[in-house]
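Residue-level structure breakdown
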There are 2 protein chains.
Amino acid sequence: MSKEGQQSISSRDLADFLGANPSQIRKDFSYFGGFGTPGVGYKVEKLAKQIEKILKLDITQKAALVGVGNLGSVVLAYQGFRIYGFDIAAAFDTDSKKIGKKLNNITIEDVSNLWTLKRRKINIGIITVPRDAAQETADALVKAGVKGILNFSPCYITVPKKVKVVTIDIAMDLARLPYYMPASRATNT
Amino acid sequence: MSKEGQQSISSRDLADFLGANPSQIRKDFSYFGGFGTPGVGYKVEKLAKQIEKILKLDITQKAALVGVGNLGSVVLAYQGFRIYGFDIAAAFDTDSKKIGKKLNNITIEDVSNLWTLKRRKINIGIITVPRDAAQETADALVKAGVKGILNFSPCYITVPKKVKVVTIDIAMDLARLPYYMPASRATNT
DNA sequence: CTATGTGAATTTATTCACAGCA
DNA sequence: TGCTGTGAATAAATTCACATAG
């Protein structure tokens with residue numbers, strides 16, 4: 001909107017755009033102080049800046065990726081992570097055939113060197129290992145002093161509460177669609 | 001658990017495993033009739049079958065993917081979709097250089113042929129086009145008679161309410177982590 | 001007038017607590 | 001005894017409704 005020269009937007013239009021209720025929009029923003037102008041709406045530029053600040057997308061932190069398999073390689077290659085404040089600065093794997101190889105300018109290291117993260121000021125871990133290895137990887141990352149974990153393995157992992165985990169389980173999302181699809185009634189008969 | 005020979009599991013253990021509250025587990029299951037045995041728990045096999053049935057993962061439906069770009073190719077290649085009842089049976093794109101090519105045994109077709117979906121009994125659409133094209137793609141899919149849409153574009157799309165949309169926006173999930181990370185305090189000072 | 005910000009009302013989700021079954 | 005299923009109690013999220021600012 002900013003690029004298109006739009007100056008401001010109302011909670012109603014924002015709600016339409018997002019498929020939500022206008023009150024929801026206003027209430028949510030109000031929790032962070034409220035930055036709209038009565039009678040006008042929200043200044044697009046200002047709103048964007050505020051949201052960036054609230055979500056802390058305005059600062060970049062170094063991250064280490066563990067598990068350079070199929071998914072891991074894709075994540076490593078995906079530069080879009082920078083927008084969200086993640087700078088993938090290191091990659092680890094257990095496979096000796098991969099260790100030492102370079103991918104996207106990052107040399108793959110042995111997971112036994114995870115402990116060096118603290119020293120290297122890397123405090124986000126990205127888990128892209130198979131499910132069975134997810135918990136031990138998380139443990140190692142916590143031991144290495146990371147403060148946040150992005151978990152791509154389809155499982156719940158346990159960490160001390162000072163560490164924040166965000167699990168991204170596409171499979172879980174996928175499984176939602178069939179449930180809502182009316183066509184499935186066909187098998188109920 | 002079933003593979004490991006475990007016969008049954010209690011709501012407490014299930015809750016621990018998922019990071020939830022036992023009551024939550026029992027309440028949720030009870031909405032679908034309740035299939036546990038007092039004093040014992042839930043029979044693992046039976047539970048799995050029930051959940052499959054509830055989520056309708058036990059039936060497969062044909063799906064068409066639109067947008068064979070980076071993401072689209074990955075999705076097309078990912079056979080794991082079958083588990084969730086999706087059988088990707090067709091792929092479409094606008095790029096004439098891609099049309100006619102084969103990928104994973106599927107010949108890429110011109111999007112202008114989307115209307116053939118109804119005839120081909122394909123009633124799920126998978127959107128992997130750039131954001132700007134997402135809404136028009138959704139419109140075309142609805143016109144072609146799909147009943148469900150899996151939207152990988154980072155935007156809200158509008159469809160008639162008889163059509164169910166599940167949007168998978170990894171970026172949105174990613175953006176959550178920085179917010180919760182304590183280390184970010186560094187910039188607040 | 002228009003659209004925000006926010007208490008109050010409402011709705012929805014979660015948790016408690018316990019009767020009753022295996 | 002151990003654990004489910006479920007009403008009742010509690011907590012949380014959403015929506016209403018309106019006073020108030022531009």
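Going along each chain's sequence as written, the residues are numbered from 1 onward. As they are written, the chains are lettered A onward and the ligands numbered 1 onward, keeping that order. The predicted origin of the model limits local features to residues at a pLDDT of at least 70 and limits the giving and counting of side-chain atom pairs to 80 or more, whereas totals for whole chains, interfaces and linings rest on all residues. Note: side-chain values were computed over all heavy atoms of the structure, leaving out hydrogens and water.

1. Quick notes on the interface of chain B and chain A
In this description, contact between two residues means that some pair of their heavy atoms is separated by no more than 4.5 Å. Facing 40 residues of chain B, the contacting portion of chain A comprises 40 residues. Of the roughly 3900 Å² buried where chain B meets chain A, counting both sides, 76% is carbon and sulfur surface. The term buried area means the drop in 1.4 Å probe accessible area that two parts suffer when joined, counted for both and summed. Among the residues of chain B in contact with chain A, Leu174, Leu177 and Tyr179 of chain B are the three that bury the most area, contributing 16% of the side total. N or O atoms closer than or at 3.5 Å make up a polar contact, with two conditions inside protein: a donor-capable atom paired with an acceptor-capable one, and, for residues adjacent in sequence, both atoms drawn from side chains. Our enumeration of links across chain B and chain A arrives at 4 residue pairs in polar contact (both at pLDDT 80 or more). Each helix is a run of H or I in the DSSP string that is no shorter than four residues. Each strand is a run of E no shorter than two, and both are numbered from the N terminus. Secondary structure elements with two or more residues in the side of chain B that touches chain A: α1 (11-18), β8 (148-151), β9 (164-167), α6 (170-174) and α7 (176-180) of chain B. Here the element with the most residues in the side of chain B that touches chain A is α7 of chain B; it accounts for 5 residues. Basically, the charged four are Asp, Glu, Lys and Arg, the nonpolar ten are Ala, Val, Leu, Ile, Met, Phe, Trp, Tyr, Cys and Pro, and anything else, Gly included, counts as polar. For the side of chain B that touches chain A, the class distribution of residues is 27 nonpolar, 6 polar and 7 charged.

2. Thoughts on the environment of Glu109 of chain B
Residue and element names in this part refer to chain B. In this structure, Glu109 sits in strand β6 (residues 106-110). Look at Glu109 and you get buried, because its relative accessible area is 18%. Between the C-alpha atom of Glu109 and that of Val66, which follows or precedes it by 43 residues, the distance is 9.3 Å. The contact partners of Glu109, leaving out residues within four places of it in the chain, are Ala90, Ala91, Phe92, Asp93, Ile99 and Arg120. Summary of the burial criterion: residues with accessible area below 20% of their type's maximum are buried, those above 50% are exposed, and those between are partly exposed, where the area comes from a 1.4 Å probe applied to protein chains only.

3. Re the pattern of salt bridges
For this analysis, a salt bridge means a side-chain nitrogen from Lys or Arg found within 4 Å of a carboxyl oxygen belonging to Asp or Glu. This structure, assessed with the given rule, holds 8 salt bridges over all chains. Here Arg82 of chain A and Asp87 of chain A are joined by a salt bridge, their closest N and O atoms 3.0 Å apart. The partner of Lys98 of chain B in a salt bridge is Asp93 of chain B, and the shortest N-O contact between them spans 3.8 Å.

4. Considerations on the relation of the copies chain B and chain A
For the least-squares superposition of copies, only C-alpha atoms count, and only for residues with pLDDT at least 70 in both. Between chain B and chain A, the superposition needs a rotation of 180 degrees and an axial shift of 0.0 Å, giving an RMSD of 0.1 Å. What the superposition gives is, in effect, a two-fold axis relating one chain to the other. Residue Ile170 of chain B of chain B places its C-alpha closer to the rotation axis than any other residue of that unit, at 4.1 Å. An overlap of 100% is found between the interface residues of chain B and their copies at the interface of chain A, pointing to a shared contact surface.

5. As for the protein's contact with DNA strand D
A molecule or strand has a residue near it when one of that residue's heavy atoms lies within 4 Å. Around DNA strand D, a shell composed of 21 residues is seen, among which Ser11, Arg26, Gly36, Gly39 and Tyr42 of chain B lie nearest. Of what DNA strand D places within 4 Å of the protein, 59% of the atoms are sugar or phosphate. Within the side chain of Ser11 of chain B, one N or O atom sits 2.7 Å away from a phosphate oxygen of DNA strand D. With respect to DNA strand D, the backbone of Gly36 of chain B contributes an N or O atom lying 2.7 Å from a phosphate oxygen. For the surface near DNA strand D, the elements supplying multiple residues, two or more each, are α2 (22-31) of chain A together with α2 (22-31) of chain B. The greatest single-element share of the surface near DNA strand D, amounting to 4 residues, is contributed by α2 of chain A. Grouping the constituent residues of the surface near DNA strand D by class yields 5 nonpolar, 12 polar and 4 charged.

6. Examining the packing of aromatic side chains
The aromatic pairing rule takes the rings of Phe, Tyr and Trp, using the six-membered ring of Trp, and pairs them if the centres are within 6.5 Å, calling planes under 30 degrees apart stacked, those over 60 edge-to-face and the rest tilted. Evaluation of the coordinates by the stated rule reveals 10 aromatic pairs over all chains. Considering the side-chain rings of Tyr78 of chain A and Phe81 of chain A, the 5.2 Å spacing of their centres and the 75 degrees angle between planes classify their relative orientation as edge-to-face. Of the residues examined, Tyr78 of chain A reaches a relative accessible area of 44% and is grouped as partly exposed. Ring centres of Tyr179 of chain A and Tyr180 of chain A lie 5.0 Å apart, and the angle between their planes is 75 degrees; on these two criteria the pair is classed as edge-to-face. According to the relative accessible area criterion, Tyr179 of chain A is partly exposed, its value standing at 31%. Using a relative accessible area of 42% as the deciding quantity, one classes Tyr180 of chain A as partly exposed. Cluster of aromatic residues (ring-pair linked, three or more members): Phe29, Phe35 and Tyr42 of chain A. A cation over an aromatic ring shows up here: Lys56 of chain B above the ring of Tyr179 of chain A, its NZ or CZ 5.8 Å from the ring centre. The ring of Tyr180 of chain A has Lys164 of chain B lying over it, and the distance from NZ or CZ to the ring centre is 4.0 Å. For a ring to carry a charge above it, either NZ of a lysine or CZ of an arginine must fall within 6 Å of the ring centroid while also lying within 35 degrees of the normal to the ring plane.

7. Topic: the sheet that holds strand β3 (residues 61-66) of chain A
All names here are of chain A. Taken in spatial order, the 7 strands make up an open sheet running β5-β6-β4-β3-β7-β8-β9, and their pairing is mixed. Sheet topology places β5 (102-103) and β9 (164-167) at the edges, where each strand pairs with a single neighbour. Here an angle of 0 to 180 degrees is reported between the N-to-C directions of two axes, which are lines fitted to C-alpha atoms, with helices fitted over the stretch in contact. Against the sheet, helix α5 (residues 131-143) contacts β3, β7 (124-127) and β8 (148-151), and its axis sits at roughly 170 degrees relative to β7. Strands were regarded as paired on the criterion that DSSP finds at least two bridges between them.

8. Quick look at the side chain of Thr116 of chain A
By secondary structure assignment, the location of Thr116 of chain A is in the loop between β6 (106-110) and β7. Separated by 2.9 Å, the side chains of Thr116 of chain A and Arg120 of chain A make a polar contact.

9. Observations regarding the packing of α1 of chain B against α2 of chain B
Residues and elements named next belong to chain B. With their axes 8 Å apart at the nearest point, α1 and α2 run at an angle of 110 degrees to one another. The angle between α1 and α2 places the two elements in the roughly perpendicular class. The hand of the α1/α2 crossing is right-handed. Across the interface between the two elements, Ser11, Arg12, Leu14, Ala15 and Leu18 from α1 touch Pro22, Ile25, Arg26 and Phe29 from α2. Taken together, the residues of the contact of α1 with α2 break down into 6 nonpolar, 1 polar and 2 charged. Here roughly perpendicular refers to angles of 65 to 115 degrees, roughly parallel to angles under 35, roughly antiparallel to angles over 145, and oblique to all remaining angles. Handedness of each helix crossing follows the sense of rotation of the near helix against the far helix: counterclockwise by less than a right angle gives left-handed, clockwise gives right-handed.

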